[in-house]
Amino acid sequence: MRGNLPIPVEKMLEARHGIFDNLKCNLKIDSSYIVEDVLNSIK
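This structure is a prediction, so every number in the text was calculated from the model and none was measured. (Residues numbered from 1 in each chain as written. Predicted model: local features only at pLDDT ≥ 70, side-chain atom pairs only at ≥ 80, totals over all residues. Heavy atoms only, no water.)

Student: For this particular structure, what's the right way to read the overall build of the protein?
Tutor: A count of helices and strands for the protein gives two helices and zero strands. With the C-alpha coordinates of the protein rotated into their principal frame, the extents come out at 40 × 25 × 15 Å. Put simply, the protein has 43 residues, and 2% of those count as buried. Positive and negative charge centroids in the protein, built from 6 and 6 side chains respectively, lie 7 Å apart. (Helix = DSSP H or I, 4+ residues; strand = E, 2+ residues; numbered from the N terminus. Buried < 20%, exposed > 50% of the residue type's maximum accessible area, 1.4 Å probe, protein only. Lys, Arg positive; Asp, Glu negative; His and termini not counted. Charge placed at Lys NZ, Arg CZ, Asp CG, Glu CD.)

Student: Honestly, the environment of Ser41 in this entry has me stumped. Any pointers?
Tutor: Structurally, Ser41 can be placed in helix α2 (residues 35-42). The sequence separation of Ser41 and Asn26 amounts to 15 residues, and the corresponding C-alpha distance is 7.8 Å.

Taken by themselves, the reported measurements are silent on function.
Set out below in structure tokens:
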């Protein structure tokens, strides 16, 4: 792929981007997560 997605895959991902943003959850893991918080929430 050399750093580029095929156009159909790119369009599919764009269409589905954000579909989980409004779901209720106990923990969201993103780039700023703390390992201890994750481990405590699954105990």
